[in-house]
Amino acid sequence: MSTMGLQGLDGLRGEGYVELTIFPTVVNLNRIKLNSKQCRIYRVRVNDLEAPFIYNDPTLEVCHHESKQRNLNYFSSAYTAAVSAVDPDSGNGELSIKVPSELWKQGDEMKVMKVFVEFSLDQPKGGLHFVVPDVEGSMAERAAHVFSFGNQNSTRFWFPCVDSYSELCTWKLEFTVDASMVAVSCGDLVETVYTNDMRKKTFHYMLPIPTAAPNISMAVGPFEVLVDPYMHEVTHFCLPQLLPLLKHTMSYLHEVFEFYEEILTCRYPYSCFKTVFVDEAYVQVSSYASMSIFSTNLLHSGLIIDQTPATRSFLAHALAQQFFGCFISRMSWSDEWVLKGISGYIYGLYLKKTFGVNEYRHWIKETPHLHFSIKHPHTLSWEYYKMFQCKAHLVMRLIENRISMEFMLQVFNKLLSLASTASSQKYQSHMWSQMLVSTSGFLKSISNVLRDQSGVVKFFGSFAFNRKRNVLELEIRQDYTSSGTQKYVGPIKVTVQELDGSFNHTLQIEENSVKHDIPCHSKSRRNKKKKIPLMNGEEVDMDLSAMDADSPLLWIRIDPDMSILRKVEFEQADFMWHYQLRFERDVVAQEEAILALEKFPTATSRRALTDILEQDQCFYKVRMHACFCLAKIANSMVSTWTGPPAMKSLFTRMFCCKSCPNIVKTNNFMNFQSYFLQKTMPVAMALLRDVQNLCPKEFSDNYYRAELIDALTNSLTPAINVNGEVRTVDSLNPDVRLILEEITRFLNMEKLLPSYRNTITVSCLRAIRMLQRNGHIPSDPSLFKSYAQYGNFIDVRIAALEGVIDYTRVDRSSIELQWLLDLVENDPVHYVSMLAKNPPFTKTSDSTLCNEILVDQLWTLMNSGTCHDWRLRCDAMNLYYTLFGLTRPSCLPLPELGLVLNLKEKKAVLNPTIKSEQLKEDYDDIIETGLSGVVMVSQGLKRKAENVSASEPGQVKQDEPVSKASVKAKEEEDIDMDTVKNRLQ
């Protein structure tokens, strides 16, 4: 059991204590290791006896005394070793406590030990985030609040603990705060006790269900409290003045509870559930035991349409993680995919039930099918981790296709039932292992065939029809040589739509076979009119004049159920794509057809896409996709296009007044799908270009108005500059001047009457930057820098920073680059990942911005400046890689003694750590040959594990070596998600 208390959580500091009740499972327990970062440890006692302790955090500064070493390969290895040195799953930690010798005998007898740690936090940079608005008034009047945050195993940042998902215990939590504040934490609120002077109060929470430390959280602030009217055990918390939005946003949450409990045939595992909405949230939603922390930006009123689906999705996903992720935890990091996959899977079932099958299949199709490797959550890029969660859900779908949804839900119910039984065993901690899921345990009832490959399957398909044999000759080739791909051997489903109906065929992909003969069920139909039966049983009339008179084939699909992690490129005639778009009822098939039609800019493609736009029964996202495809086709046909610009007449007929076609009708919001289409069409039309490459300009709610501004932005084309003339408002093109005036008017109106989430401001900032990039107005970052300052709304800041970043890249401004890096280091909310997406330069380009000062600054940032945030450090490493690559940056001077003497080949070569990027392959060959034949001549290229943090009062420095062999052995025995995926394919 763990008891944790915090007090004085104001003024960016706090004091606390932790009391751990330990049940020894081994003899000779003379040292206890805990995880702790940022905490100033004052004293440690074991069974009321003072205990000496050692504090060593090698991640504070990854590389010591390596002033000339700027090799990302070297840094990555050192960082991995540093993280492993304090990994609780390997029995390590930053805080090493020596058990007093008087208690050694008690430890040998397996008797209970109580460890008491007294600590304080002073202006923590990670783990706890303080939001203190710079306005007048008391802390409560300023809506000041604090909440815990972090990415994977980050509880150590705000109190000492065993920061592992596999170490479970029960919890007693105490928080002493100002009387005007509310403290929210995991478990049941047992009591609230005021101090004698009534100035402070202590909240006592009890969590009797065994829970891992990373699933413990807290939030303190002047929250307004709402008890859910449908489920009294559910409580919602929000900042002052936001209660009306909270009531509307959470009005349907009880339906999500009912859905999950019904499909899992298991009640919600905790006795209560709390939702807390905070400002400057680390991510949109963070799930913890019996509570979730959300961004306050997810709150909305009933008038906002666009935010509603996104908010409901986040809330549903958070509740799914309560079952799998919080209540049921994992054995090790390699088992994380199981929890993410299951929670994503049941969330997908809710998505299908609430938003429909079309939305669900569209979500599946949009999930990225990318390959990546995982080693440790703290060394994993945040972008990779997001893809990791998506891929985990895709693997669960593979399992569903293998064993059926009913059996999947039975497996989930069994996991929950065993965990529920184990959680009631209060004093039998060995039973709690049933609350931990592992890959091997999960697979016992799923599959028995194991393969060791990883990657995504890439299919290329084509066909020919043999009229004499009435056979479809299908050719399916694979690309398994590219990075991230693999060869597939096994069954694959092919659906063929013929004149007499739709037929499914299961083909066997063998090692060397690429051609498959599929007999056709229909005969060619000459001048015979008959309705065509579709897969869903519907019969439709088709105009068959475009098809081959000798062939009964209408269209062909490979793996229509997406049962394989694959990418398919299929070749068929344009009329077949037209039929597939018009008559196939699966949204995935329709979007595949739209994507393929971009290669067929013809009048028939134009008509097919226009027909889809006019079909009210068609899924609205397919129609939105068709808008952009039609714009591309129109641009490709600009010389032969006849009639009005694409979509103009259609937009006028659907959304403009009949008496005055130039005026758009007022929205009545009776049809939400029509509303989304109305938003999209102007944006797509603005992408149209005429013969002179200009946009033909023929042509309320805040999201719709923002889309119209985006449409104006898309219509901009580069300005023609004659003899270097300086652009002024008076010399602007009349159309551009109108655009600038409209943007200025919208931006000024926003200051008087802000729109929801400042969507108008965001679009205006992007439009102004586009005007600058196209040379219509002088390029100047000052406006964007003012909007990027801390205190503006988060979406506005991101849009403004995008403008500054783009200016830095285009104009190669060292001043703005330095401003951005200063912002990353000093701003309460960090945006370093944005630089990596649109970097000022790359490792393959020459730039005046690439210099030694920049290298040193970025190296310092990722080496020691981001030790408080795993995600930020990995983002800094991504940026460093984007700018300089894995090896030594080319802008640095070569160090002395930079040669390697290869004894095996008897020759000297350039030191691999300072090689340029183009020699990386040779360097990899040297590494594969084995380091036994390579001697390093230069000094300082080896480093011992002497990463020691600055001493705190009562603490001692100590070097602790990293056991690489044990880490390697553990990695070898783990089964990861890629292994499971290939086992199922």
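Here is what the cut-offs are and how they apply
Residues numbered from 1 in each chain as written. Predicted model: local features only at pLDDT ≥ 70, side-chain atom pairs only at ≥ 80, totals over all residues. Heavy atoms only, no water. Helix = DSSP H or I, 4+ residues; strand = E, 2+ residues; numbered from the N terminus. Expected span 1.5 Å × (residues − 1). Buried < 20%, exposed > 50% of the residue type's maximum accessible area, 1.4 Å probe, protein only. Contact = heavy atoms within 4.5 Å. Pairing = 2+ DSSP bridges. Core = buried A, V, L, I, M, F, W, Y, C linked by side-chain atoms within 4.5 Å. Axes fitted to C-alpha atoms, helices over the stretch in contact; angles between N-to-C directions. Polar contact = N/O pair within 3.5 Å; in protein donor to acceptor, adjacent residues only side chain to side chain. Phe/Tyr/Trp six-rings, centres within 6.5 Å; stacked < 30°, edge-to-face > 60°. Lys NZ or Arg CZ within 6 Å of the ring centre and 35° of its normal.

Caption draft 1: Representation of helix 21 (residues 794-811) in the model. Taking 1.5 Å as the rise per residue, helix 21 with 18 residues should run 26 Å; its terminal C-alpha atoms sit 25 Å apart, in good agreement. Looking only at helix 21, the buried set comprises V796, R797, A799, A800, L801, G803, V804, I805, D806, Y807 and T808. Looking one or two residues beyond helix 21, the residue adopting positive phi is R812, at roughly 50°.

Caption draft 2: A look at the environment of P160. Mapping P160 onto the fold places it in the loop between strand 10 (145-148) and strand 11 (168-178). Each C-alpha atom of the pair P160 and C39 lies 7.6 Å from the other, and the pair is 121 residues apart in sequence. The residues contacting P160, other than those within four sequence positions of it, are V18, N35, S36, C39, I41, V117 and F119.

Caption draft 3: Examining the pairing of strand 11 more closely. Counting buried residues in strand 11 gives 9 out of 11 residues, a clear majority hidden from the surface. Relative to strand 14 (residues 200-212), strand 11 runs antiparallel, the two sharing 10 bridges. When the bridges of strand 14 are listed, T176 appears paired with T202.

Caption draft 4: Examining the side chain of S36 more closely. Relative to the assigned elements, S36 resides in the loop between strand 3 (31-34) and strand 4 (40-46). In this structure S36 touches I41, Y55, E94, R156 and P160, once residues within four positions along its chain are discounted.

Caption draft 5: The arrangement of the nonpolar core in detail. With 129 residues, the main nonpolar core has I97, Y260, F324, F412 and F442 as its most contacted residues. Among the elements that line this core, the one with the most residues is helix 6 (residues 336-355), at 10 residues. Contact partners of F412, with chain neighbours within four places excluded, come to L264, F324, I342, Y345, I346 and F442. Membership of the second largest hydrophobic core comes to 38 residues, among which are V587, V588, L609 and Y620.

Caption draft 6: Layout of the sheet that holds strand 23 (residues 457-466). Here we have 4 strands laid out as an open sheet, ordered 27-24-23-31, and mixed in their pairing. Looking at strand neighbours, the two that pair on one side only are strand 27 (515-519) and strand 31 (566-570), the edges of this open sheet. The average angle at which neighbouring strand axes cross in this sheet is 25°, direction not considered. Of the strand pairs in this sheet, strand 23 and strand 24 (residues 471-478) are connected by 8 bridges, and their pairing is antiparallel.

Caption draft 7: Layout of the environment of L554. You can see L554 is positioned in strand 30 (residues 553-558). Between the C-alpha atoms of L554 and L544, which are 10 residues apart in sequence, the distance is 9.1 Å.

Caption draft 8: Seen up close, helix 1 (residues 72-85). End to end, helix 1 covers 20 Å across 14 residues, agreeing with the expected 20 Å (1.5 Å per residue, within 8%). With 10 of 14 residues buried, helix 1 is to be regarded as a mostly interior element. Of all the residues in helix 1, the buried ones are L72, Y74, F75, A78, Y79, A81, A82, V83, S84 and A85. One side-chain oxygen at the N-terminal end of helix 1 lies 2.8 Å from the backbone nitrogen of N73; it belongs to N71.

Caption draft 9: Representation of the packing of aromatic side chains within the structure. On inspection of all chains with the given rule, the structure shows 30 aromatic pairs. Relative to F323, the ring of Y260 has its centre 6.2 Å away and its plane inclined at 80°; by these criteria the two rings are edge-to-face. Here Y260 is found in helix 4 (residues 253-264), whereas its partner F323 is found in helix 5 (residues 307-323), with 63 residues between them in sequence. Both residues of the pair, Y260 and F323, count as buried. Through pairs of rings, three or more aromatic residues link up here, namely F257, F259, Y260, Y268, Y270, F273, F323, F327 and Y350. Note that K843 overlies the ring of Y881, its terminal NZ or CZ placed 4.2 Å from the centroid. Against the face of Y282 rests R871, its NZ or CZ located 3.8 Å from the ring centre.

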